[in-house]
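Read off the chains here:
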Amino acid sequence: MTNVSAVEAPFSMSGRAEYEAAVQRLRDASRTYYGAGYSLMDDAAYDRLRLAVLDWEAEHPDETAPDSPTGRVADGAAPAGDVAHTARLLSLDNVFTPEQLTAWGASLRRRLGHEPAGGFTVEPKMDGAAVAARYRDGRLTQIITRGDGTHGEDASHVIGTVVGLPEQLPVPATFEARGEVLFTQEQFEAANETRAAHGAGVFANPRNGTAGTLRAKDRPYRLAMTFWAYGAVELDGVPFLPAGAGHAETLAAVARAGVRTTADTPAGLHTVATLDEAQEKVDAIAALRASLPFGIDGVVVKADSATEQATAGFGTRFPYWAVAYKLPAVERQTVLQDVFWEVGRTGVLAPTAVLAPVELDGSTVTRATLHNPADILRRDLHIGDTVTVYKAGDIIPRVQAAVVELRPQDAVPVPLPHECPHCGGGIDKSQERWRCAKGTACALAPLIEYAAGRDILDIDGLGRKYVDALIASGDVGDVADLFTLTEEQLTAASGSAKRGARLAEQIRLAKTRPLSRVFCALGVPGTGRSMSRRIAAHFGTMEAIRAADADTLQDVEGIGPEKAPVVVEQVAVLAPVIDKLIAAGVTMTEPRPERAEDAAEGPLSGKTVVVTGKMTGPLDGWGRSEMGALIERAGGRMGGSVNSRTAFLVAAPTAGGKPSSKAVKAQEAGVEVLTPEDFAALVADHLE
Ligand code: IVH
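Residues numbered from 1 in each chain as written. Predicted model: local features only at pLDDT ≥ 70, side-chain atom pairs only at ≥ 80, totals over all residues. Heavy atoms only, no water.

A. The arrangement of the site of the ligand in detail. In the neighbourhood of the ligand, 15 residues make up the surrounding shell, with Pro124, Lys125, Arg146, Glu180 and Lys302 lying closest. At a separation of 2.9 Å, an oxygen atom of the ligand approaches a polar side-chain atom of lysine 125. Here the ligand loses 89% of its free accessible area of 530 Å² to cover by the protein chains. Elements supplying a minimum of two residues to the shell around the ligand: β3 (120–126) and β11 (296–303). When its residues are assigned to classes, the shell around the ligand shows eight nonpolar, two polar and five charged. (Near = heavy atom within 4 Å. Polar contact = N/O pair within 3.5 Å; in protein donor to acceptor, adjacent residues only side chain to side chain. Areas by Shrake-Rupley, 256 points an atom, 1.4 Å probe, with all protein chains shown as cover. Helix = DSSP H or I, 4+ residues; strand = E, 2+ residues; numbered from the N terminus. Nonpolar A, V, L, I, M, F, W, Y, C, P; charged D, E, K, R; others polar.)

B. Seen up close, the sheet that holds strand β23 (residues 637–639). What the four strands build is an open sheet, ordered β23-β22-β24-β25; its pairing is parallel. Both edges of this open sheet fall to β23 and β25 (672–674), since each of them pairs with a single strand only. Neighbour-to-neighbour, the strand axes of the sheet open up by a mean angle of 35 degrees, direction not taken into account. Alignment of strand β22 (residues 608–612) against strand β24 (residues 646–651), held across five bridges, turns out to be parallel. The residue of β24 that forms the bridge with valine 609 is phenylalanine 648. Along the sheet, helix α21 (residues 661–669) makes contact with β22, β24 and β25, crossing β24 at roughly 145 degrees. (Pairing = 2+ DSSP bridges. Axes fitted to C-alpha atoms, helices over the stretch in contact; angles between N-to-C directions. Contact = heavy atoms within 4.5 Å.)

C. The arrangement of the UniProt feature "binding site: NAD(+)" (unreviewed entry) in the chain in detail. The sites that carry the UniProt feature "binding site: NAD(+)" (unreviewed entry) are, in the present numbering, Asp43, Ala44, Ala45, Tyr46, Asp47, Ser91, Leu92, Glu123, Arg146, Glu180, Lys302 and Lys326. Look at the named residues: they lie 284 residues apart in sequence, and the longest C-alpha span between them is 26.5 Å, so in the fold they stay spread out. Note that aspartate 43 resides in helix α2 (residues 43–59). Overall, aspartate 43 belongs to the partly exposed group, its relative accessible area being 27%. Considering the arrangement of structural elements, one finds lysine 302 in strand β11. Ignoring anything within four residues of it in the chain, the contact list for lysine 302 reads Gly119, Phe120, Thr121, Glu123, Tyr230, His247, Trp321 and Ala322. (UniProt positions renumbered as here; feature names shortened; annotations may be inferred. Buried < 20%, exposed > 50% of the residue type's maximum accessible area, 1.4 Å probe, protein only.)

D. Representation of the side chain of glutamine 187 within the structure. Here glutamine 187 lies in helix α4 (residues 185–197). What makes glutamine 187 buried here is its relative accessible area of 13%. For glutamine 187, the side chain forms a polar contact with the main-chain oxygen of methionine 225, separated by 3.2 Å. In contact with glutamine 187, other than residues within four places in its own chain, are Val163, Leu182, Ala224, Met225 and Thr226.

E. Looking closely at the environment of valine 664. Mapped onto the elements, valine 664 comes out in helix α21. The spacing of valine 664 and valine 642 is 22 residues in sequence and 9.6 Å in space, taken between C-alpha atoms.

F. Region of interest: helix α20 (residues 624–633). Every buried residue of α20 is listed here: Met627, Gly628, Leu630 and Ile631. Seen end-on, α20 carries its buried residues on one side only, within an arc spanning 165 degrees. Looking at the buried side of α20, the elements it contacts are β22, β23 and α22 (676–682). Glycine 635 sits one or two positions beyond α20 and adopts a positive phi of about 95 degrees. (Arc of directions from axis to C-beta.)

G. Highlighting the packing of helix α12 (residues 487–494) against helix α13 (residues 497–510). As a packed pair, α12 and α13 sit with axes 7 Å apart at the nearest point and diverge in direction by 125 degrees. Taken as axis vectors, α12 and α13 run oblique relative to one another. Note that α12 runs across α13; the crossing there is right-handed. Each of Glu487, Leu490, Thr491 and Ser494 in α12 lies in contact with α13, whose residues at this interface are Ala497, Arg499, Gly500, Ala501, Leu503, Ala504 and Ile507. (Parallel < 35°, antiparallel > 145°, perpendicular 65-115°, else oblique. Left-handed = near helix turned anticlockwise from the far one by under 90°.)

H. Structural context of the packing of aromatic side chains. Under the defined criterion, the tally for this structure stands at eight aromatic pairs. Measuring from centroid to centroid gives 5.8 Å for phenylalanine 183 and phenylalanine 203, while their planes differ by 35 degrees, and the two rings are tilted. In this pair, phenylalanine 183 sits in the loop between β8 (175–182) and α4 while phenylalanine 203 sits in the loop between α4 and α5 (206–215), placing the two residues 20 residues apart along the sequence. Pair check on accessibility: phenylalanine 183 and phenylalanine 203 agree, each one buried. The structure contains a cluster of three or more aromatic residues connected by ring pairs, namely Tyr135, Phe175 and Phe240. Arginine 111 extends its terminal NZ or CZ atom over the ring of tyrosine 320, reaching a point 3.4 Å from the ring centre. Stacked on the ring of tryptophan 434, the Lys or Arg lysine 429 has its end atom at 4.6 Å from the ring centre. (Phe/Tyr/Trp six-rings, centres within 6.5 Å; stacked < 30°, edge-to-face > 60°. Lys NZ or Arg CZ within 6 Å of the ring centre and 35° of its normal.)

I. Broad picture of the confidence of the model for the chain. Per-residue pLDDT for the chain averages 90, and the proportion of residues at 70 or more is 95%. Note that residues 1–9 has pLDDT below 50 and, in this model, 22 contacts with residues that lie over four places away or in other chains. (pLDDT = per-residue confidence, 0-100.)

J. The arrangement of a negative patch on the surface in detail. A contiguous patch of negative charge, built from Asp276, Glu277, Glu280 and Asp283, is present on the exposed surface. Within the fold, glutamate 280 resides in helix α7 (residues 275–288). (Patch = residues over 30% accessible without salt bridge, like charges linked within 9 Å, V, L, I, M, F, W, Y side chains within 5 Å. Salt bridge = Lys/Arg side-chain N within 4 Å of Asp/Glu carboxyl O. Lys, Arg positive; Asp, Glu negative; His and termini not counted. Charge placed at Lys NZ, Arg CZ, Asp CG, Glu CD.)

Here it is as C-alpha cells:
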C-alpha cells in the first residue's frame, strides 16, 4: 500500500484494471481508517479517488464491482458491531459547488413532483463520529457508534465524558438523539496532553482521536469530548416528537429535553425558504470555519418538512432530502522533509517544518510552524514522516501529527539544536520556548529594524541596511543607543549628510512616541504591538510596569501565569536599556483618557472585573470587547485573570454544572461571582 497524498490521485481511469486498483485502494484506506484508526490518505485524496471511481461506475454500470465501496454506508468498512440501530443511521451525499447544489435541488423537485414548499435548514457538518444516544426516562442508557448503519458498536463507556450529552436530563424523556461526537480544538489539545502524560501517542487529528476514543474501552484515563445532535428518532415506541415535526422542530424538541443540537453551535441552524438563500448560509458558515472551536468539513442542507422528507425518501446510503456541501480540505497529509531553526527578534529559537508541497485551502503549503522543542518531542516527529498538516483561511499552516504507521525505516527524530543557530552561542532551555542565551542581543539587527518600524518607533528611513551599518560600527548595541546617535554617526551609516540629518530629525520625533510603542520596541517575548498597548494602557507609566510583579501583570487581559513571570524577568534584564531610554528623554507614559481618576463614574468605579464563559440573559451574545466596553462605561476595567484585587467575576453557570477554573479561583480568593443576569442588573444604566 502506498500513501497517495503526496502524489495526487488520478482524476479519471482508463480501464477496468485501473478501476479495480482504485476500488482496492478505497477499501484499504477506509479499512485502516475505521479499523486501525489512522488514515492512509487524506480526505481530499480520498474524495478525489472516490469521485473518479463513481464516474467510471456511471459510465460502466455493467462492469461495476457488485461490492463496490461507493454503494455502502461508511464505504462498507466500518466495523458493524452488534447493537441493532432503531432505524438506519445513514450517510450523506456530497456536493462541492453551487451548481451541484442547484442540481441536487432539481433532483429533489423531481422526486417531490413540485417545488419544495417547506423550506430548507442549513447547519454545520461537524467533523467527528456519528453516534446514537439513547435516553430512557431522562437517563442516558446507551451510546452506539454508526457502524455499518444497521448495526453499531456499544460505546457506552464514554457516558459521562461527553459535553452536550448529560447523563441525566431535567425531564424524563425517552428518545434517541443522533449526532456527532468530536473533540473541540481545546479538548483535542487537552486529550493529547493527557495521552502524552500516559506515554500514549498523540492523535493525528481530532476526528481520528474521536473514533479511537469511542472504540477504546480500557484506557486508564478518560478524555472529554463534545456532542451536538443533528437528528432524533423515537425509542421503545414512546412518543417524543411533536406530530409532523420537521427538522428544525425535531432539534428544538431535543434541545428542550436538555441535549445540545447543531442550533447551539456558533455556526447555528438556519431555516430558509429557498435554495439560493441556503447557498448564502452555506457561504456564511464556510466563512466562519476558521474561527469555530471545532472542525467542520462541510455544511448540511436539508429539506425541513417531514412530509417532503417522507416523499423524497432514502437511497441505500443517504437520504434524498439532505445533502452535504463539502468544503475544501483544510487538512492534508504530506512528508516532513526537514526542519530549520531561526532566531526571532526576541531571541526565541523558532523551528519551521519544510514540507513536500501540498495544496491546502487554496494555496500550496511548503512550510509550517512547529512551536517549540517540547512540542516536537511530544509529537515524536521524525524527518521523513508522513504528517497531517492543517491550514484554514489565514491561519499559519501547522503540523498536527505524524502518521506513525507510515513512518519509513530510515526516518530520524527531528534533530534539536545544540547551539544558537544564529550566533553559535549557548541556548537558554529553561522555558518550553528555547532562546539564545544572549536574548534580544543575538538578533539585534532584526529587533532594531522591527523597533524602527512604522507602527512602533516610526523612524522613517531607518531600514535594515543602515541598521546593519550602525551595529557594525559599534554605534548601536541596543535599541536605546538609537536615541543618542549623533548626526555624524547617522551620516556615516547612511552615506549622506542629508540622510543623516533627516534620520536625526526622525529619531528626535521618535522620542515622543507613547509608552505602548516604546515598550514594544524593547522586544520582550510575547509582547507584540497589541499586547504592548494593553500593558501600557493598564499601567500608564514605565515605572509602574517595572514595579509590577507576576501577579499584578496577570491583571492585563491575555497575560496568564505562564507569560507573566517571563515578562517580569525580561523587564528586569532590560533595566540598563530602559534606564538609557529614560536618560535620553524618551516618553515613558501612555496617554490615558480612561485612567482610573478620569474614568467614567459608575457602579464599577475603580473596580477590576473578570469575565469568563458565554454570556446569557440580557448579555446573551456579548463578546469580550463588548463586555470590556460595558465595564469601562460603568467606570471599571476588565482584568485578565482572577486574583485578590478582582472585584467581581462574571460567569455563566457551565453546561454540566461544574464551575469553571476561574470560578474555582474566585472562590479561593474570596471574589464575588456574579451571573451575567446579576451583572447586567448592576450595570443596567450602562447597557446601551
Ligand atoms: S445528517 C439522515 N447533519 O456527516 C441524515 N450529518 O458524511 C444523516 N454529520 O453520517 C446525517 N454533521 O456523521 C447530518 N449536521 C449534520 C452533520 C452530519 C456531521 C456527519 C454524520 C453523517 C456524515 C455524512
